[in-house]
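Chain residues, written in single-letter form:
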Amino acid sequence: MSILVNILAFIAVFLFIVVVHELGHFLFAVLFGVKVHEFAIGFGPAIYKKKGRKTDFRVNVFPLGGYVRLKGEDPSEEEDPDSLYGVSAWKRFLIVLAGPVFSILAGYLLFILIIGSWGYTPIIIDKVIENSPAYEAGLQANDIVLKLNGKYIFDPTDMTSIIRTGKPITMEVLRDGKKITLSVTPSRTQKEYYMYLKDIKGNIEGKVESINNIEFERYMEKFSKEYISIKSEGGELRGLLDSVSVIPERYAIGIYYGQFSNVFAKDSELFSKGDILLRVGEIDIQSSNDLMDVVTSLSLKSDELYVTVKNGKVEGVLKPMPEQVTVTFKKVSANVVQEITVKKDKLLAILSTPGIFETKAPNLKPQGLEAISLSIARSNRLALYIWKTLPGVFLGRNLQEVSGPVGVVQIIGQAVQFGLETILTVVAIITINLGIFNLFPLPALDGGRIIFALIEIISRKKINRNIENLIHTVGFFLLLGFLFFMTFIDIGRFFAK
């Protein structure tokens, strides 16, 4: 039943996206006096027809697309004044361009509707490291980041990329309902090493002196999976070095982004929705980072350890939790703090449940012109990301960031379960994707036809239509091949789950 719902939702979304795109072509064709033979939804035999005064409208049996059939598209038709190739090249350019533009504009309008109706989730600061540039600048935990250097910011990845440039940053943050402007200059950090060890014996703290009698940094240049002995100021640790993650030197300001809070978002075997997790074992829960440390500690076996080394010193040691874990939480319904003891496997299963905690950042709902300007900024960021990402797909890069038809069906099906806001967001993203994809100067796409129109505008010479049609035909089959390839990728992802 769920598969059927997913397919029906996909068809409805896809038809909307296609109709918007084709409507652009249709309206501009009519505007410039080009006869439209048909406006069709779907392909194949017609299941519904309505004859118009100038244009026939029809719904076809296979609802996987649509088209407008313009007079003159068929090379056998004469180039009459009311045909596509009978009008000026600049008019043909605008007729072809209108489809992608309508798709992109539809996405922008949907984002205005979404943000105006439901708001958006901003970036929130979870934790500020003491004596860091952010700390010195006055940034605080729970500050909501609105703008960087005067521009709206929506994604921690984008914020990090700006910080990594090392240039001074002007930040506009929301604190206790008031907007505050701060200036912070990123500083260069030291390398950080995250070491996962098994079969451990001993202790480690303070400055790391050596590993297997080799200076720490020199050993880390060629580390391997082996039994090691780490000597430090606070003792010696032996064990199997199973893996090492290295974060290189970089510019940073000393913050952690907020992901989820310590408030339960739904009921579980031990906790009720709204309960607040305060402490697990010896770890006080004050940030998303603390929650991740708890989950990591619960996952460790009795002889395993995570060690963080920065600037040659032990910055953190995550030890395994005991089999019976003491948990402190606030029972909001009774307004009391409770302490319970629970098996760590059971607690790990609960805390690892997707969506178990509320998101850290509150929902912001801008009003009036601010909602419109913020929506446009959000759409611009998405459009730029798509424009940069899609070309790499044709070269075999970024394949994990895109989906074919099967993947899109799954995405839409998941969106249906979350409600109208998520559905509209997915539709907005897909329609902007479609518009930008069609702008690429490839045969059979609108972008390819735009290039031919531009060549004619610049050269002021007619292009041989048979040659142009041959190029578009070859491009069409290549596009089909690409579509089958992406479908194969989607199926592979589906069975890999």
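Note that the structure is a prediction, hence the values are computed from the model and not measured. (Residues numbered from 1 in each chain as written. Predicted model: local features only at pLDDT ≥ 70, side-chain atom pairs only at ≥ 80, totals over all residues. Heavy atoms only, no water.)

Quick word on the sheet that holds strand β11 (residues 226–232)
Moving on, step 1. Spatial strand order, β10-β11-β12-β9-β18-β19: six strands in an open sheet with antiparallel pairing. In this open sheet, the two edge strands, each paired with only one partner strand, are β10 (208–211) and β19 (313–318). Looking at each pair of strands side by side, their axes are set apart by 40° on average, direction ignored.
Moving on, step 2. Where β10 lies against β11, three bridges are found, and the strand directions are antiparallel. Its bridge partner lying in β11, Ser210 is registered against Lys231. (Pairing = 2+ DSSP bridges. Helix = DSSP H or I, 4+ residues; strand = E, 2+ residues; numbered from the N terminus. Axes fitted to C-alpha atoms, helices over the stretch in contact; angles between N-to-C directions.)

Re the packing of helix α6 (residues 288–299) against helix α7 (residues 344–351)
Moving on, step 1. Look at α6 against α7: their axes get within 10 Å of each other, and the N-to-C directions meet at 140°. Considering their axes alone, α6 and α7 lie oblique with respect to each other. Both α6 and α7 take part in a crossing whose hand is left-handed. Together, Val294, Val295, Leu298 and Ser299 of α6 and Lys344, Leu347, Leu348 and Leu351 of α7 make up the contact between the two elements.
Moving on, step 2. When grouped by side-chain class, the residues that make up the contact of α6 with α7 number six nonpolar, one polar and one charged. (Parallel < 35°, antiparallel > 145°, perpendicular 65-115°, else oblique. Left-handed = near helix turned anticlockwise from the far one by under 90°. Contact = heavy atoms within 4.5 Å. Nonpolar A, V, L, I, M, F, W, Y, C, P; charged D, E, K, R; others polar.)

Describing helix α10 (residues 420–439)
Moving on, step 1. Taking 1.5 Å per residue as the helical rise, α10 with its 20 residues ought to reach 28 Å, and the 29 Å between its terminal C-alpha atoms agrees with that figure.
Moving on, step 2. Among all positions in α10, only Leu424, Val426, Val427, Ala428, Thr431, Ile432, Gly435, Ile436, Phe437 and Asn438 are buried. (Expected span 1.5 Å × (residues − 1). Buried < 20%, exposed > 50% of the residue type's maximum accessible area, 1.4 Å probe, protein only.)

Quick look at the packing of helix α2 (residues 89–118) against helix α11 (residues 446–459)
Moving on, step 1. Interaxial distance between α2 and α11 falls to 9 Å at its minimum, and their mutual angle equals 160°. By the angle class used here, α2 and α11 are roughly antiparallel. For the element pair α2 and α11, the recorded crossing hand is left-handed. On α11, the residues that touch Ala89, Trp90, Arg92, Phe93, Val96, Leu97 and Pro100 of α2 are Asp446, Arg449, Ile450, Ala453, Leu454, Glu456 and Ile457.
Moving on, step 2. Tallied by class, residues from the contact of α2 with α11 come to 10 nonpolar, no polar and four charged.

A look at the side chain of Arg175
Moving on, step 1. Along the chain, the position of Arg175 falls in strand β6 (residues 169–175).
Moving on, step 2. For Arg175, a relative accessible area of 17% corresponds to the buried category.
Moving on, step 3. Among the polar contacts listed, one links the side chain of Arg175 to the backbone oxygen of Gly138, at a separation of 2.9 Å.
Moving on, step 4. Not counting chain neighbours up to four residues away, the residues in contact with Arg175 comprise Gly138, Leu139, Gln140, Asp143, Ile180 and Leu182. (Polar contact = N/O pair within 3.5 Å; in protein donor to acceptor, adjacent residues only side chain to side chain.)

Some points on the pattern of salt bridges
Moving on, step 1. What the rule picks out here adds up to 23 salt bridges.
Moving on, step 2. Asp158 is the salt-bridge partner of Arg381, the closest N and O atoms lying 2.4 Å from each other. Pair noted here: Arg381 is in helix α8 (residues 368–393) and Asp158 is in helix α4 (residues 156–163), with a separation of 223 residues, a long-range link.
Moving on, step 3. Several salt bridges converge on common partners, so that one network encompasses Glu79, Arg92, Glu456 and Lys462. (Salt bridge = Lys/Arg side-chain N within 4 Å of Asp/Glu carboxyl O.)

Describing the pairing of strand β16 (residues 276–280)
Moving on, step 1. Two strands pair when backbone bridges link them, and β16 and strand β20 (residues 324–331) are joined in this way by four bridges, in the antiparallel orientation. Its bridge partner lying in β20, Arg279 is registered against Thr328.
Moving on, step 2. Here β16 folds back onto strand β17 (residues 283–284), and the loop between the two strands holds two residues, one of which, Gly281, carries a positive phi near 60°.

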